Structures are given as structure tokens and as C-alpha cells.
Amino acid sequence: MSRLFSVSRSLEEIVAHFGVDVVPPLEVPPETIEGTYGLVVIEKDGLRRLKLIPWGFPRQTSEMRRGGEPPGRIGLVADLTNPMWEQTVIDPRYRCLIPMTHFANPDGPKGSKTRTWFSLHRQPLMTWAGFCRNTREFGPVFAGMTGEANDLVRPLNDRMPVILKPDEYERWLHGGIDEVIKLQFREPIPSDDFSVLETMDRWQSGIPPSRSIPRKSSRSTL
């Protein structure tokens, strides 16, 4: 999956969908890329809380340390066995729900890539299975778990977000590592459940799907 998603719903709709109990004064960002702020829902002391925190855990390789480079960011959790995730993925305290309406992949030739957005039919919100944690380098951050892409997404990326159904929220927030593994390796949501919006907007344009300039789609659901 690429590192871009959007939420085109109001704060009130998000709060209602997730049954949020504690809502700080905040605005819904029109899009989120790594290093910028995104919304997450966490559960603490039996209450669901909405937070606005940066996307991307700190990542610093040994080569970066030797060269004196500061940590970069990684916002996608693909390999659960990677040592950087081993203490995070096993502990339900670090689970979160990531609201979104669309996720994007770059489309087209190098140097002139555009935004292609994916969303679910007839569903106002998607929920991405996420992790969040307070880090020494960046403070509170979050990342999303990816799994195998379906046939619609695969021409642009072989990974896509692990999307949760509403009746899976509790399972994600409180289940053991075995549940995390099952969710990551299950079949992706079928292509027929998705809509595709191919746009003329350049990849770094900052234009959300609600204001995008569409182009004729060359894809169809299978």
C-alpha cells in the first residue's frame, strides 16, 4: 500500500460510527501522509478516545546511526516478525482503529504519477487495523497493518490495508497475537466491494478525493 489516505466524513459521523466517548477539540485532516497527522481511535479504561497523532513510527538503521542521520518514519506494518514490531504487535494496549474513507496508490509513469483512490461501496467509513505507541523520538505515533491486495488493487500495489468490519473492532482491540496473525493473513476484501476513482491529480498535489479531477477509469471490479 502507498502512504496516503483520506477521511471525507465529519467529526460527528466518525464519533458516532466508532462509539467514541472522549472527543478533544480537533479537525478532521482531509488527507494523511507519513509524518503528518491522522485520526485514531484507542480504548483505555473502558472508554474509546479519539486522537490526532502523526503517522509513522521511528525507524533508524545501523547505517543511519553511523552516518549521524536522524530517524525516518515507517507507517506500514507488513512483517509482524520484524524485531522493531515484536513488542508492539503482541500487546493489545498498542492497538487502534484508523478511520478512513479512501486510500490511494500512485498510478502512471514515473515522473507524472497521479492519484488513484479506493473506497468501499455504500460504506461511509473504512476502518484500518492499526497500532499506536508513545515513542522517545516522536512522541505518540501510529501505523497501519497491511495484507495481500485484492485483484483490483494489485496492478498498482501488492499490499493493501487490513480493513476491519464493525463486528471485528473488539477482536482487534483486545485479542491476542493469534488474532492479529489471522486478520493479516485472511483473504482480502473482494474487489467487487470497492469503488475506484482514477484522477488527473498529480501524486503530490494534496487534492483530496472530494475535490479530485477524475479521468476515465481503465479498471473495473471483477
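An unreviewed UniProt entry annotates the chain as DUF159 family protein originating from Metarhizobium album.

> Describe the overall build of the chain, naming the residues involved and giving the relevant values.
Of the regular secondary structure elements, the chain holds 5 helices and 14 strands. Taking 2.2 N^0.38 as the reference for a compact globule, 222 residues should give roughly 17 Å; the C-alpha atoms of the chain span a radius of gyration of 17 Å, in line with that estimate. Projected onto the principal axes, the alpha-carbon positions of the chain cover approximately 45 × 45 × 35 Å. A total of 222 residues make up the chain; the buried ones form 48% of that total.

> An account of the nonpolar core is needed here, citing residue identities and associated values.
Membership of the largest hydrophobic core comes to 54 residues, with the highest contact counts inside it found for L50, F103, F142, M145, W172 and F194. The greatest single-element share of this core, amounting to 5 residues, is contributed by strand β11 (residues 126-135). Ignoring anything within four residues of it in the chain, the contact list for W172 reads R95, C96, L97, A129, G130, F131, M145, L164, V180 and L183.

> Can you break down a nonpolar patch on the surface residue by residue, with the values?
A grouping of I90, I177, I181 and F185 is seen on the molecular surface, where their side chains present a nonpolar patch of about 380 Å² in accessible area. Mapped onto the elements of the fold, F185 is located in helix α5 (residues 177-185). Residue F185 is classed as exposed on the basis of its relative accessible area of 64%.

> Quick one: what's the story with the sheet that holds strand β14 (residues 194-202), residue by residue and with numbers?
Two orientations exist for strands paired in a sheet by backbone hydrogen bonds: parallel and antiparallel. Pairing is antiparallel in the open sheet, where 5 strands are placed in the order β2-β1-β9-β10-β14. Of all the strands in the sheet, just β2 (32-33) and β14 have a single pairing partner and so form its edges. In the sheet, strand β9 (residues 102-107) pairs with strand β10 (residues 114-120) via 5 bridges, with the strands oriented antiparallel. When the bridges of β10 are listed, A104 appears paired with W117.

> Please provide a residue-by-residue account of the packing of aromatic side chains, values included.
In this structure the tally under the stated criterion is 10 aromatic pairs. Between F103 and F118 the ring centres are 5.5 Å apart and the planes differ by 20°, which places this aromatic pair in the stacked class. With F103 in strand β9 and F118 in strand β10, this residue pair connects regions lying 15 residues apart in the sequence. On the accessibility criterion, F118 (0% relative accessible area) is buried. Look at F103 and F194: their rings are 6.2 Å apart centre to centre, the planes differ by 80°, and that puts the pair in the edge-to-face class. Note that F103 is positioned in strand β9 and F194 in strand β14, a separation of 91 residues in sequence. Relative accessible area serves as the criterion here: at 1%, F194 is assigned to the buried category.

> Quick one: what's the story with the pattern of salt bridges, residue by residue and with numbers?
Tallied over the entire structure, the rule returns 14 salt bridges. One salt bridge connects R215 with D107, and the closest N-O pair in it is separated by 3.0 Å. Of the two residues, R215 is situated in the segment after β14 and D107 in strand β9; the sequence distance between them amounts to 108 residues. A salt bridge links E179 to R171; the nearest nitrogen and oxygen atoms lie 2.4 Å apart. Here the salt bridges do not stand alone but share partners, grouping E168, R171, E179 and R186 into one network.

> Give me the lowdown on the side chain of S212, citing residues and values where you can.
For S212, the position within the fold is in the segment after β14. Residue S212 is classed as buried on the basis of its relative accessible area of 15%. The contacts of S212, once residues within four sequence positions are left out, are L197, T199, D201 and I207.

> Now, about helix α1 (residues 11-18): what can you tell me, with residues and values included?
Considered for burial, the residues of α1 that qualify are L11, I14, V15 and F18. Looking straight down α1, one finds its buried side chains confined to an arc of 100°; they lie on one side. Among the exposed residues of α1, those oriented more than 90 degrees off its buried face are E12 and A16. Looking at the buried side of α1, the elements it contacts are β3 (37-44), β4 (47-54), β8 (95-100), β11 and α4 (169-174). Positioned one or two residues after α1, G19 has a phi angle of 60°, which is positive.

Calculation notes
- Residues numbered from 1 in each chain as written.
- Predicted model: local features only at pLDDT ≥ 70, side-chain atom pairs only at ≥ 80, totals over all residues.
- Heavy atoms only, no water.
- Helix = DSSP H or I, 4+ residues; strand = E, 2+ residues; numbered from the N terminus.
- Rg over C-alpha atoms; globule rule 2.2 N^0.38 Å.
- Buried < 20%, exposed > 50% of the residue type's maximum accessible area, 1.4 Å probe, protein only.
- Core = buried A, V, L, I, M, F, W, Y, C linked by side-chain atoms within 4.5 Å.
- Contact = heavy atoms within 4.5 Å.
- Patch = residues over 30% accessible without salt bridge, like charges linked within 9 Å, V, L, I, M, F, W, Y side chains within 5 Å.
- Areas by Shrake-Rupley, 256 points an atom, 1.4 Å probe, with all protein chains shown as cover.
- Salt bridge = Lys/Arg side-chain N within 4 Å of Asp/Glu carboxyl O.
- Pairing = 2+ DSSP bridges.
- Phe/Tyr/Trp six-rings, centres within 6.5 Å; stacked < 30°, edge-to-face > 60°.
- Arc of directions from axis to C-beta.

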